[in-house]
Each structure stands twice: as C-alpha cells, then as structure tokens.
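Okay, here's what each chain looks like letter by letter:
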Amino acid sequence: MKFTSVRFWTYLTIALFIPASVQAADAAKITSFSLEDLMNTEVTSVTRSSRPLNQSAAAVTVINQEDIRRSGATAVPELLRMVPGMQVARITASQWAISIRGFNGALVTKLLVLVDGRTVYSPLHSGVYWDVQDLMPENIERIEVIRGPGASVWGSNAMNGVINIITKDSKDTQGGLVTGLGGSEEQSGALRYGGKIGEKTTYRGYGRYFNRDSSHDGNDAWQMGQGGIRVDSTLNEKDKLAFDGAYYNGEEDLRTTFSTLTPPFREVMNADGVISGGHFLSRWEHAYSETSDSTLQFYYDQTYRDSVILDEYRYTGDIDWRHHFMLGDRNEVVWGLGYRLNADKTKGTFSAYFDPGSRTDNLYQAFLQDTIALVPDKLWFTAGTRLEINDYSGFEAQPTARLLWQPTEKQSVWGAVSRAVRIPSRLDHDLQLNGWFTPGVRLGRLEGDHDRDSEVLYAYELGYRVQPVKRLALDVTGFINDYKNLTTTRLIGNEVENGFPITRLAVDDEMKGQAVGTEIAAKFQATDNFMINSGYTLLQIYLNAENDGLGTAEAAEGQSPEHQIFVNPRVDLPFDLELDAALRYVDALLRSRVPAYWEMDMRLGWRPTERLEFSVVGQNLFHNHHQEFPGTGNPESQRAVYGKTAVKF
Amino acid sequence: MDRFRRLKAALCALFLLGSSAAQFSAYAAALNEYQIKAGFLFQFTKFIEWPSGAETGDTFNICVVGKDPFGEILDEIRGEKIKNREVEIKHTGPHGLDGCQLIFISKSEEDRFDKILNSVKGKSILTVSESPEFLGRGGMINFLMSGNKIRFEINDKDAKASGLKISSKLLSIASRVKS
C-alpha cells in the first residue's frame, strides 16, 4: 500500500486552505459579471430555481461560447483541455483518449457523455467514440463538466464524471452563417441558416464537412460530412417543444493489428473504415406552476461503424421523464423515470468478435433527489439516489449525499459522499479476442465472462470556492475515489485448438484501488481587456490486483499524468483584435513511456464588424510533432496552422 | 489501509461538523432578471464610446425614466467608475434628461417612447428599454428574453447618428442588429 496519511493530509490541507472557486457567478456584486457571464446566466425566480451549476455541491466547470470561440479548437475533445481534473490526449488524427480523474485510454469506461440529454457512450464497451461527437463549434451553447460521480441525477456510466454538451436554441442562431477553414492539418466548411415559422417557432439547418490530415507516422486521415436541423417552439407560456435531428457520414484511414490462423498470422494493416449515424430527439417542457415543471424526452439514435476487424450497427431508443418541484419552502425535489432499449448487430473477424453477435438489452431507471435548505441561503443538504435494472448486473443503486455551505457571499465549501457503478459492457460479457503471443507458434484468447460484476466506486469529495478579490475566482477540489471490482484477467488454461497451442484468459473483476487528487482552477480578470484562465491537476492512482487476478488495468496507474497545468491568457487588443494563447504541461505517462511535454496553441482574431471574423490559429507550436498517447505505430500530433473566416448574413 | 479508513472517517466527520455550523451569513441566491439587466447596463458602457463632448461633468449619470423595475439593485452600481467618472443613479421624468449619459426607459412609458426619444435625439445619450417596439421607435438597445436568458438587440443606426460608437464585440453578441 503506497498510500500514506501524510499525502492525504497534504490534499486536505490544499483543499481547505488554498483559496478557490468558480466563475464570477459566485460574486454577489453585479458589476463583477463580465458580458459573457451575463449572457450565460439563467434567470431564476426565488422559488423556481435551477441554481447556477457553479454554486452546486459538486466540482463543476462550464465552458461557454466565448471560451469555445477563442480557443481556436476545431473539435470538442480539444476544448476539454481547459478543464482541470481531465486527461485529454490525442492518439491518432481521429481518436482521443479522454478521462476524468484517471483511467485514461482509447475507450474510457467511467465517463458519461451527453449531447442535449442524449447519451453517447457505447454500451458495446462503455467508451465514447469521440470522432463522431463532432459538433459545429458555433452551435454549442455550453459544455458542463461535472467531475466525480453524477449517476444519481445524470444516469448510468457517470462513475468518474459527466460531460454535458448543450447546443443552442434555434432562437439564438437566426440568420445565416458561413465558415471556411483552411490549414496544414485540416480543411473545413460549414453553412448554417436559421429563421422563423410564424410567431412562436424558430428553426435552423446546418451542414458541415471537414477533412483532417494524417498525424506524424500515422495512417489516420479522415473526412466527415454532417447535417442537421433543429426546431424550437414556444406553444404558450407553459409549454415548449424542441425537435432535433442530425446525420453524419465519414471515412477514416485506420491502422490495425490483424490476426489470422494462416500465414502471415499477424500483420499491421492500413485500411479504410466507415462511420455513419444519426439521431432524432424530441423534448416537451411543461410548467405546471411557478414551482413545478416537467420534461418528457424521447430519442432514437443509430450508429454504424466499420473498423476492419469489427463491424457494429447499433440502435438506441430512450424515453425519459423528469419532474422538478418545490415541496414547501425548503425542499427542492427532482425525480424521474426512464427506459432505454439498446440493440446491436456485430460482425467480427478472428481477431475480435462478439458471442452472441447480436444482442438486445433493456435498461429501466428511476431517480429521486431532494435538496433541503437546512439554513435558508446558507446551508443545503442534498440526498439522492438512482435505481436501475439492467440486463448485465441486475439491480443497482447509486446514492449520493452532499452538503453545501456558503459562509459568506464570496465563498462556499461543499462535500460529498457517493456510490457509483460502472455496469459491465458487452465487451466484458461477450468479447472473444484472439492474438498471437508468437506468430504461428502460440495463440492467446481473451474471453468475456458473464459472471463479471459491476465496478463499484465510493467517492469522497471536498471543495472550496472563493473570490478573495473582485477580479480573482479560485476553486479547489480534493477527492478520494475508492474502487473495487476493477477489470483483471484470469487464466482459464492452456489447450490446443486448430492445431495451435492456445492460452485462454477470461475477463475478471479482482482489482481494488484508490485514486486521489486535487484540482485547482483560477480565473483572473486582470483588466477589462485581459484575463487568464488556468488550472492545475494532481492525480495519483494506486491499484492492487487480488486473488491471482492478472492486473490488466493496473496499467491505469501509469496511463494518466500525475501533474497537469494549463494557462490560457486572453487579451482584447485595439482595432477589434483578439489575442489568445493556451499553454499546457502534461506529465509523463510512465506505463507507456510517453514523455512529459509542454505545448502551446495561439490565436489571433480580428472582428472588424459584428458580421465578420477572421482568425489565424497555430496549434502545438513548440514541437514539429509530439506523442500524447500510445497508438498502433506510435502516431504523433503535429504542429498545425490554419486560417478561418466566419461571415454572418 | 487502517489509516486510509480513519481518514475517510475524518472526512465524513467534517461534513457532519459543517451541518451544525449554521450561524453564518448570506448566500448570493440565483440572479433575478433585473440583477442581470443591471449587470448588462454596466457592461454596455465598457463597449460603447461616447464622443468627447458628452463626457463633461463629474459623474456618469444613469437615469431611469418611468416606473423603476430595478428597485435597490442599481444602488450597487452607484459609486462605481465608468469612463473614469463616478456613477450616479437618477430617477427622472421625461424632462431633464440632458445631463444623462444612459437612460433606461421603463416599460411603463411605452406610450411616451416617441416623446422621450425625440427629446434626446441627436444628443449622445444611450437609450435602453425592454419593449419589442423600442428599436422601431428609434431606441438603441432593447432587452429581450431567450428561454430563461437575457438577450438584447441593438439599433446601431440611431446610435451612430447620436455620435455613439458601439464596439463590434457588443454588436456581435446582440441577437439582432439594425444598421
């Protein structure tokens, strides 16, 4: 056990005494709100309140439209680099490893990602295909990142955190917009138009296409086109309807290790993959009174992915109802019910296949959460739980208890204890993965196991936010995550199959461990024209495989950087010019021998009129190429430069 | 492992301690509509240039015409600095607006928009209101609601005619610009 109390007390001391907090919304004084803050602040009456997220008893970061525009990022994953507590690494041009509080990898299993309330993690392996979560940046309203378990309200898989991407109401995208981007690593164009149908209904339609170049030493260029519509209708003062649909289709160059029973037995292949899919979502919001409202949401989502060694079709239907109301003066209650149907059809190869090839699963969910104002305007206690029944592990309960204390208007302290689970995926139960230990001599096979239990997390969090002076907001969070039933493998035996000796392994759940960390965010508005957004992340993971379990996931100890820093200054210059930079330090990944690195992006923007914007962006300026995460053939991210024009009409 | 357990117990104890320490002060509740609008009024002035002639006098005067929906909220801005001058908040009728740099015309004055706007025409006074008719009548900035957020639209044409220069940043985040 490498864990020591000294280390723990260090975290606690940091969490308690280094001043901290979130965005300016913490400040009571209205003059301290920036234009962007005001644009993003929701109007709340005293009774019917969705409290601003950053005053909640959880570690929350909000990326707003201005952050998105000025980051120069062209893909959602790149935006997440400005969130403390997150690990973001680009593996290939089309693949990212993205995690919250560790266990990073190409398919991170402990994260829930939602786009307008639609879950986009794959039940095949519990990971997220980030390549197809490619929204037009101009359509994003905000991205909320909640670190720590969020399952009690947000849903399954929210073990280490939730990423909630919210797109704009079509009311906010009226008129036309054309964007064109050309650069060394990427070319793209988009067209969007929004209008009105009658007095009460607005709509938008958009199309976008991009081409992204191969990374250094990679075979991973890709192209994707997408289009979508959204319609929002305010029927009357009490009812709102929203419809949203989109379709995408793309092609990816892939490099895959392919195993066969005949010579050459094992080869690294360069091939083409296809990705396509779409969704339709409808939502009805109804207000019963000032203090009671409900949302009914339905969506259908379909994806197809051909990755050479495995084809997957997936069909998801989901219906979700939630009701939010005040019970007396002091209790704010949210409860809801949901059902999800998930069906897939896979076609594998000897390298990897699923047994059975097709499967249909049901998920039934219910949740209840109550926030009690123990002392009005000062102290809140929140208790809630999610109950669900799934086809893999049966019944699961995911409770949380949270306390928020606001001793003065400029600071708040919160703490939380939660239990969360990661239910087994198709991969855990049904995977058959074949590979050669020595080509043509000895085979190995990893098999899914129906007895595999859910991964379980008990999380203990403590946070402090403060605005010591008007222009500075600090936020510190410390956490201890206590895991059990993490993935291991166990030896089934050595046999002979198809004339070759084979070592059979099964997926198992015999690992325990802890992750401990501290996340610090600081936002400093030095002058009206100059601000710095910065953060520091400390993360340590200690894992122990037990009962002869082979510690496959012990690798996670060295797959996430221990220290991370980002510093993003933003300056408004005369003549309508904007200068932005994003400097980041990412510590070494010890397990996969990826060295520590410093990198920087820069953006120079010019907005001569409100309808016109030009920008020049340089990405990864410090190195010709650098590795962020291990991938087949070790591809590396390259320095890139692009120019972008956006015209509104 | 023992130590680890003890520490977790300590953490839990801390939370419980928190729940009894109840005698502390206020919490900045969620913002209401006019707190946000007051915030906007203050921010607007940072993105608008008044011609040098209009910047005489010791104070920057924000005048509310008609029934004041802000209540005490605007008092928070009083005494702050805008364009290096201390802010003064005044409540006035449709007359006596000459000394104002910014006037907020209440919805209660909808019937008198023309009269009020005519009386400040050509003077470098920023006019703000919250009525769908406001821009059409020659007002400069109008608040509106989008979902549960506050948005605004700008009449850059009449602002320019009055010698006010509105920055492209402000224009770019406006829901609609009349130019």
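Anything mentioned here points back to the structure above.
Every chain begins its residue count from 1, and numbering advances along the sequence as written. To label them, take the chains in the order written and letter them from A, then take the ligands in the order written and number them from 1. Given that this is a predicted model, residues contribute local features only at a pLDDT of at least 70 and side-chain atom pairs are listed and counted only at 80 or more, while totals for whole chains, interfaces and linings are drawn from all residues. The basis for every side-chain value is the complete set of non-hydrogen atoms in the structure, without hydrogens or water.

This next bit is on the sheet that holds strand E1 (residues 59–64) of chain A. Residue and element names in this part refer to chain A. Pairing between strands is defined by DSSP: at least two bridges between them are needed. The way it works is that DSSP assigns letters per residue, a run of H or I at least four long becomes a helix, a run of E at least two long becomes a strand, and they are numbered from the N terminus. Taking strand neighbours across the sheet as the criterion, the five strands line up as E1-E6-E7-E4-E5 in an open arrangement whose pairing is mixed. The open sheet has two free edges, formed respectively by E1 and strand E5 (118–119), since each of these has just one partner strand. Inspection of the sheet shows E1 paired to strand E6 (residues 140–147) by six bridges, in the antiparallel sense. Each bridged residue has a counterpart across the sheet, and for isoleucine 63 the counterpart in E6 is isoleucine 143.

Aromatic pairs are defined between Phe, Tyr and Trp rings, using the six-membered ring for Trp, whenever the two ring centres lie within 6.5 Å; interplanar angles under 30 degrees are classed as stacked, those over 60 as edge-to-face, and all others as tilted. Scanning the model with the defined rule gives 21 aromatic pairs over all chains in all. Seen from their ring centres, tyrosine 193 of chain A and phenylalanine 649 of chain A are 6.2 Å apart, and the 25° between their planes marks the pair as stacked. With tyrosine 193 of chain A in strand E9 (residues 186–197) and phenylalanine 649 of chain A in the segment after strand E34 (640–648), this pair connects stretches of sequence that are 456 residues apart. Both rings, one in tyrosine 34 of chain B and one in phenylalanine 70 of chain B, keep their centres 5.4 Å apart while their planes meet at 85°; by these two values the pair is edge-to-face. Residue tyrosine 34 of chain B is located in helix H2 (residues 33–44), and its partner phenylalanine 70 of chain B is located in the loop between strand E2 (59–65) and strand E3 (81–82); the two are separated by 36 residues in the primary sequence. There is no split in this pair, since tyrosine 34 of chain B and phenylalanine 70 of chain B are both buried. A connected cluster of aromatic rings, assembled from ring pairs, spans Phe40, Phe44, Phe143 and Phe152 of chain B. Charge over a ring is defined by NZ of Lys or CZ of Arg lying within 6 Å of the ring centre and within 35 degrees of the ring normal. Seen from the ring of phenylalanine 210 of chain A, arginine 212 of chain A lies directly overhead, with NZ or CZ sitting 3.9 Å from the centre. It is lysine 345 of chain A that lies over the ring of tyrosine 313 of chain A; its NZ or CZ is 5.1 Å from the centre. Throughout, exposure labels follow a simple rule: accessible area from a 1.4 Å probe, protein chains only, divided by the maximum for the residue type, with under 20% read as buried, over 50% as exposed, and the rest as partly exposed.

Here we take up a nonpolar patch on the surface. Residues and elements named next belong to chain A. Patch definition: residues with relative accessible area over 30% and no salt bridge; like charges joined within 9 Å; nonpolar side chains (Val, Leu, Ile, Met, Phe, Trp, Tyr) joined within 5 Å. For the area figures, the Shrake-Rupley method with a 1.4 Å probe applies, and any residue is considered shielded solely by the protein chains shown. Within this document, salt bridges are pairs made up of a side-chain nitrogen of Lys or Arg and a carboxyl oxygen of Asp or Glu, the two lying within 4 Å of each other. Among the surface-exposed residues, Phe243, Phe280, Trp284, Leu296, Phe298, Tyr300 and Ile319 lie close enough to one another that they form a single nonpolar patch of about 590 Å² accessible area. At three residues, the largest contribution of residues to the nonpolar patch is made by strand E14 (residues 292–306). Its location among the elements puts tryptophan 284 in strand E13 (residues 266–289). For tryptophan 284, a relative accessible area of 35% corresponds to the partly exposed category.

Let us look at the side chain of glutamate 599 of chain A. Residue and element names in this part refer to chain A. Checked against the element boundaries, glutamate 599 lands in strand E30 (residues 597–609). As used in this structure description, the phrase polar contact means that two N or O atoms lie within 3.5 Å; if the pair is within protein, one of them must be able to donate a hydrogen and the other to accept it, and residues adjacent in sequence are counted only when both atoms belong to side chains. A polar contact is formed between the side chain of glutamate 599 and the backbone nitrogen of leucine 621, at a distance of 3.1 Å. At a separation of 2.7 Å, a polar atom in the side chain of glutamate 599 contacts the side chain of histidine 623. When checking whether two residues touch, look at their non-hydrogen atoms; a contact exists if any pair is within 4.5 Å. Once residues lying within four places of it in the same chain are set aside, the contact partners of glutamate 599 are Ala582, Leu583, Arg584, Asn620, Leu621, Phe622, His623 and His626.

A few words on the nonpolar core. Put simply, a nonpolar core is a bunch of buried Ala, Val, Leu, Ile, Met, Phe, Trp, Tyr and Cys residues held in one set by side-chain atoms that sit within 4.5 Å of each other. By size, the foremost hydrophobic cluster in this structure holds 45 residues, and its most contacted members are Leu80, Trp130, Ile143 and Ile163 of chain A. Within the residue set of this core, elements represented by two or more residues are E1, helix H4 (76–79), strand E2 (86–90), strand E3 (96–100), strand E4 (111–115), E6, strand E7 (161–167) and strand E11 (222–234) of chain A. When residues of this core are assigned to their parent elements, the largest contribution, five residues, is made by E4 of chain A. Beyond its immediate stretch of four places on either side in the chain, isoleucine 143 of chain A contacts Thr61, Val62, Ile63, Val76, Leu79, Leu80, Ile163, Asn164 and Ile165 of chain A. In this structure, Trp50, Ala159, Ile166 and Val177 of chain B belong to the second largest nonpolar core, which totals 43 residues.

Moving on: the sheet that holds strand E5 (residues 102–105) of chain B. Residue and element names in this part refer to chain B. The mixed open sheet is built from eight strands, whose spatial order is E3-E4-E2-E5-E6-E7-E8-E10. The open sheet has two edge strands, E3 and strand E10 (176–178), and neither has a second partner. The sheet contact formed by E2 and strand E4 (residues 85–92) spans seven bridges and is parallel. For valine 64, the partnering residue across the bridge sits in E4 and is histidine 91. Axes here refer to lines fitted to C-alpha atoms; in helices the fit is confined to the stretch in contact. Angles between the N-to-C directions go from 0 to 180 degrees. Packing against the sheet, H2 makes contact with E3, E5, strand E6 (126–129), strand E7 (141–146) and strand E8 (149–155), and its axis sits at approximately 40° to E8. In this fold helix H3 (residues 113–120) packs onto E2, E5 and E6, with an angle of close to 175° to the strand it touches most, E5.

Looking now at the environment of leucine 612 of chain A. All names here are of chain A. Its location among the elements puts leucine 612 in strand E31 (residues 612–619). Assessed through its relative accessible area of 27%, leucine 612 is described here as partly exposed. Sequence separation between leucine 612 and leucine 35 is 577 residues, and the spatial gap between their C-alpha atoms is 20 Å. Ignoring sequence-local partners within four residues, the contact set of leucine 612 consists of Trp606, Arg607, Ala646 and Val647.

Here we come to the environment of aspartate 220 of chain A. Residues and elements named next belong to chain A. In this fold, aspartate 220 is placed in the loop between strand E10 (201–212) and E11. For aspartate 220, a relative accessible area of 4% corresponds to the buried category. Taking the C-alpha atoms as reference, aspartate 220 lies 6.4 Å from glutamate 252; in sequence the two are 32 residues apart. Leave out the neighbours within four places in its chain, and aspartate 220 touches Thr92, Ala93, Ser94, Asp213, Ser214, Ser215, Asp253 and Pro635. Only 3.0 Å separates the side chain of aspartate 220 from the backbone nitrogen of alanine 93, close enough to count as a polar contact.

Under the defined criterion, the tally for this structure stands at 63 salt bridges over all chains. With a shortest N-O distance of 2.3 Å, glutamate 497 of chain A and arginine 445 of chain A are connected by a salt bridge. One end of the pair, glutamate 497 of chain A, is in strand E25 (residues 472–497); the other, arginine 445 of chain A, is in strand E23 (residues 442–447), with 52 residues separating them in the sequence. In this structure glutamate 497 of chain A comes out as partly exposed when scored by relative accessible area, which is 24%. Assessed through its relative accessible area of 10%, arginine 445 of chain A is described here as buried. The partner of arginine 584 of chain A in a salt bridge is glutamate 628 of chain A, with the nearest N and O atoms 3.1 Å apart. Taken together, the positions of arginine 584 of chain A in strand E29 (residues 577–586) and glutamate 628 of chain A in the loop between strand E32 (625–626) and strand E33 (637–638) put the pair 44 residues apart, joining distant regions of the chain. The same class applies to arginine 584 of chain A and to glutamate 628 of chain A, which are both buried. Linked by salt bridges that have partners in common, Glu66, Arg69, Arg70, Asp572, Glu578, Asp580, Arg603, Arg607 and Glu613 of chain A together with Lys169 of chain B make up one network.

The next thing to look at is the pairing of strand E26 (residues 500–527) of chain A. Residues and elements named next belong to chain A. The buried count for E26 comes to 21 of 28 residues, which makes it a mostly enclosed element. Pairing between E23 and E26: five bridges, direction parallel. In the strand pairing of E26, leucine 443 is matched with isoleucine 502. Here E25 pairs with E26 via 22 bridges, running antiparallel.

Now for unusual backbone geometry. Residues and elements named next belong to chain A. The step from proline 263 to proline 264 runs through a cis peptide bond, and the omega angle for that step is 10°. Counting through the fold element by element, proline 264 comes out in the loop between strand E12 (239–259) and E13. The amide bond that connects aspartate 355 to the next residue, proline 356, takes the cis arrangement and shows omega of 5°. Counting through the fold element by element, proline 356 comes out in the loop between strand E17 (352–354) and strand E18 (358–375).

Turning our eyes to something else, we now look at the state of the cysteines. All names here are of chain B. The disulfide criterion is simple: two cysteine sulfur atoms within 2.5 Å. Tallied over the full model, the rule gives one disulfide over all chains. Through a disulfide, cysteine 63 is tied to cysteine 100; the S-S separation comes to 2.0 Å. What sets the handedness of the cysteine 63 and cysteine 100 disulfide is the S-S torsion sign, and at about -100° it is left-handed. Taken together, the residues cysteine 63 in strand E2 and cysteine 100 in the loop between E4 and E5 connect sequence positions 37 residues apart. By relative accessible area, cysteine 63 is classed as buried at 0%.

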